[in-house]
Amino acid sequence: MSGIWGNNLEISIFGESHGRAIGVTLSGLPAGVKIDMDEVLVEMARRAPGQNELTTPRKEKDEPDIVSGVLDGMTTGAPLTALIWNTNTRSVDYSQMKKLMRPGQADYPGKVRYDGFNDYRGSGHFSGRITAPLVFAGAIAQQWLRQKGIVIGSHIQSIGSVEDERFESQGAVTAEQVEQLKSVQLPVFDESKRDAMTQVILDAKADLDSVGGIVETFVLGIDAGYGNPFFDSVESTLAHLVFAVPATKGIEFGAGFDITRMRGSEANDSYYYDENGQIKTRTNNNGGILGGITYGMPIVFRTAIKPPASIEKKQETIDIEARENADLEVFGRHDPCIVPRVLPVLEAVTALGLMDLILGRDKA
Ligand SMILES: Cc1cc2nc3c(=O)[nH]c(=O)nc-3n(C[C@H](O)[C@H](O)[C@H](O)COP(=O)(O)O)c2cc1C
Ligand SMILES: C=C(O[C@@H]1CC(C(=O)O)=C[C@@H](OP(=O)(O)O)[C@H]1O)C(=O)O
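Residues numbered from 1 in each chain as written. Chains lettered and ligands numbered in written order. Predicted model: local features only at pLDDT ≥ 70, side-chain atom pairs only at ≥ 80, totals over all residues. Heavy atoms only, no water.

A. Looking closely at the sheet that holds strand β8 (residues 151-159). Strand order across the open sheet formed by five strands is β9-β8-β10-β16-β11, with antiparallel pairing between neighbours. Among the strands making up the open sheet, the edge pair consists of β9 (162-163) and β11 (248-253). Where β8 meets β9, two bridges bridge the pair, whose relative direction is antiparallel. Looking at the pairing, Ile159 lines up with Val162 of β9. Packing against the sheet, helix α8 (residues 339-360) makes contact with β8, β10 (213-220) and β16 (299-305), and its axis sits at approximately 145° to β8. (Pairing = 2+ DSSP bridges. Helix = DSSP H or I, 4+ residues; strand = E, 2+ residues; numbered from the N terminus. Contact = heavy atoms within 4.5 Å. Axes fitted to C-alpha atoms, helices over the stretch in contact; angles between N-to-C directions.)

B. Main features of helix α3 (residues 131-146). Its 16 residues place the ends of α3 22 Å apart at the C-alpha level, agreeing with the 22 Å of an ideal helix rising 1.5 Å per residue. For α3, a buried count of 15 out of 16 residues is recorded, marking the element as mostly surrounded by other parts of the structure. (Expected span 1.5 Å × (residues − 1). Buried < 20%, exposed > 50% of the residue type's maximum accessible area, 1.4 Å probe, protein only.)

C. Seen up close, the packing of aromatic side chains. Under the counting rule described, the total for this entry stands at four aromatic pairs. Residues Phe230 and Phe231 carry aromatic rings whose centres are separated by 5.3 Å and whose planes lie at 75° to one another, so their mutual orientation is edge-to-face. Relative accessible area serves as the criterion here: at 71%, Phe230 is assigned to the exposed category. Given the relative accessible area of 68%, Phe231 is considered exposed. Three or more aromatic residues joined by ring pairs make a cluster, and in this case those are Phe167, Phe189 and Phe218. Here Arg282 stacks its cationic end above the ring of Tyr272, 3.7 Å away from the centre of that ring. (Phe/Tyr/Trp six-rings, centres within 6.5 Å; stacked < 30°, edge-to-face > 60°. Lys NZ or Arg CZ within 6 Å of the ring centre and 35° of its normal.)

D. Main features of the pattern of salt bridges. Following the criterion strictly, the structure yields 21 salt bridges and no others. For the salt bridge of Glu60 with Arg129, the shortest nitrogen-to-oxygen distance reads 3.8 Å. Residue Glu60 is found in the loop between α1 (37-47) and β4 (65-68), and its partner Arg129 is found in the loop between α2 (107-113) and α3; the two are separated by 69 residues along the sequence. Classification of Glu60 by relative accessible area gives buried; the value is 7%. Given the relative accessible area of 6%, Arg129 is considered buried. We note a salt bridge from Arg166 to Asp258, for which the minimum N-O separation is 4.0 Å. One end of the pair, Arg166, is in the loop between β9 and α4 (175-182); the other, Asp258, is in the loop between β11 and α7 (264-267), and 92 residues separate them in sequence. By relative accessible area, Arg166 is classed as partly exposed at 31%. Look at the salt bridges and you will find they share partners, linking Arg47, Arg58, Glu60, Asp62 and Arg129 into a network. (Salt bridge = Lys/Arg side-chain N within 4 Å of Asp/Glu carboxyl O.)

E. A look at helix α6 (residues 234-244). Three or more residues of α6 are buried, namely Val234, Thr237, Leu238, Ala239, Leu241 and Val242. The elements touched by buried residues of α6 are β1 (4-5), β11, β14 (289-290), β15 (293-294), β16 and α8.

F. Structural view of the site of ligand 1. In the vicinity of ligand 1 lie 14 residues, with Phe126, Ala247, Lys306, Ser310 and Asp335 positioned nearest. At 2.7 Å from a nitrogen atom of ligand 1 is found a side-chain nitrogen or oxygen belonging to Asp335. Relative to its unbound accessible area of 630 Å², ligand 1 is 88% covered by the protein chains. (Near = heavy atom within 4 Å. Polar contact = N/O pair within 3.5 Å; in protein donor to acceptor, adjacent residues only side chain to side chain. Areas by Shrake-Rupley, 256 points an atom, 1.4 Å probe, with all protein chains shown as cover.)

G. The arrangement of the site of ligand 2 in detail. Around ligand 2, the structure places 15 residues, and the nearest of them are His18, Arg47, Tyr94, Gly128 and Arg129. Within the contact set of ligand 2, an oxygen atom lies 3.2 Å away from a backbone nitrogen or oxygen of Arg333. Separating an oxygen atom of ligand 2 from a side-chain N or O atom of Arg341 is a distance of 2.9 Å. In isolation ligand 2 exposes 470 Å². Once the protein is present, 94% of that is buried. Tallied by class, the residues present in the shell around ligand 2 amount to two nonpolar, eight polar and five charged. (Nonpolar A, V, L, I, M, F, W, Y, C, P; charged D, E, K, R; others polar.)

H. Expanded view of the UniProt feature "binding site: FMN" (unreviewed entry) in the protein chain. Feature annotation in UniProt places "binding site: FMN" (unreviewed entry) on His125, Phe126, Ser127, Gly291, Lys306, Pro307, Pro308, Ala309, Ser310 and Arg333, given in this structure's numbering. On the basis of their most widely separated C-alpha atoms, the annotated residues across 209 residues do not gather in one place, lying as much as 44.0 Å apart. Structurally, His125 can be placed in the loop between α2 and α3. Relative accessible area serves as the criterion here: at 22%, His125 is assigned to the partly exposed category. Reaching out from His125, the side chain makes a polar contact with the backbone oxygen of Gly15 at a distance of 2.7 Å. Tracing the chain through its elements places Gly291 in the loop between β14 and β15. (UniProt positions renumbered as here; feature names shortened; annotations may be inferred.)

I. Spatial organisation of unusual backbone geometry. Residue Phe230 is reached from Pro229 by a cis peptide bond, and omega for that bond is 15°. Relative to the helices and strands, Phe230 resides in the loop between β10 and α6. For Ala247, which is not glycine, the phi torsion reads 90° and is therefore positive. Tracing the chain through its elements places Ala247 in the loop between α6 and β11. One non-glycine residue, Arg323, lies in positive phi territory at about 55°. Here Arg323 shows up in the loop between β17 (315-319) and β18 (324-328). Given the relative accessible area of 77%, Arg323 is considered exposed.

Have a look at this one:
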């Protein structure tokens with residue numbers, strides 16, 4: 001498995017959902033970064049399981065235990081390692097998963113890839129739980145970025161067919177609005193959509209089913225000139241990390257696939273000087289990135305998140321031990337929708353990707 005990523009900031013994640021602990025080691029963090037643990041814990045709580053009826057009932061505190069790299073609240077410059085203990089595993093839920101392959105889950109390909117030795121309990125290293133260490137690491141990266149005036153936010157673009165307004169239609173979104181969005185479980189620009197989104201999740205759950213959606217992530221305050229083309233363009237870097245997040249099925253930047261229906265005259269983002277002499281563009285169809293490099297407008301992208309695979313509704317599958325067809329109902333503690341818990345994960349990987357690019361700017 002490849003649990004290591006990064007050119008300038010190296011992130012190494014480890015652990016399994018039902019093992020003793022999961023965690024992360026960050027190497028290449030500059031020394032002297034002040035860590036606000038209260039803020040870290042807020043980010044962890046946004047992602048944590050066991051929040052309410054919209055999430056898996058598995059309850060975990062998700063308090064990172066920092067075992068190296070921090071002294072008196074400041075990074076020392078040595079590798080920073082944090083452990084997150086698994087305290088509420090129920091592996092019996094997975095006893096049939098050794099032979100009954102869940103459709104839509106990693107069971108079958110994981111078994112083939114790791115010659116049957118993969119830890120299938122709680123989906124092992126494939127579990128969405130492995131995003132907890134990413135959120136910890138991303139919270140530190142976000143604190144570093146904020147000192148440079150860079151703020152990352154997100155909202156739910158859609159759940160099922162219920163749509164929020166787009167970032168693009170909001171005018172200037174402020175850092176205060178981002179804080180407000182981070183403070184609620186279903187952050188939307190059009191508050192009237194929250195109840196309908198909640199209902200879509202509850203209806204799917206009542207039907208023993210699950211539902212997906214789209215998250216829109218944006219980066220405010222990023223200057224022009226970041227990104228290391230050819231292969232470490234901003235889009236390649238963010239897409240690489242976003243696709244590492246379990247359940248991601250697509251990503252589009254700016255106007256995304258809709259740009260194909262525009263003519264050049266509409267798609268091009270016209271430049272102008274604002275009243276402070278800053279270079280801006282009238283539209284942001286390119287999502288803040290041209291040639292793989294930022295141009296000083298917000299980075300904007302949307303991520304498609306699939307419905308979780310583990311549902312109680314009866315499905316067809318195979319019994320790989322008996323080598324025969326079988327039916328499957330997945331009982332256990334699962335998210336009826338991943339979207340509400342994935343927002344902080346997408347913000348975290350965005351922060352890690354940008355920090356890596358910014359640290360590497362002068363080297364590349
Ligand atoms: C925060 C989070 C929570 C998740 N919760 C569940 C869950 O409860 N049940 C489930 O079947 N999949 C869940 N997933 C998705 C699976 O982990 C994922 O679908 C699986 O590992 C296969 O990966 P893939 O969908 O990217 O191909 C979750 C993912 C994330 C990021
Ligand atoms: C524990 C978390 O979410 C888990 C993600 C997950 C999956 O298949 O991805 C399946 C469930 O695992 P379990 O059956 O062990 O309860 C979720 O609860 C977490 O995100 O921290």
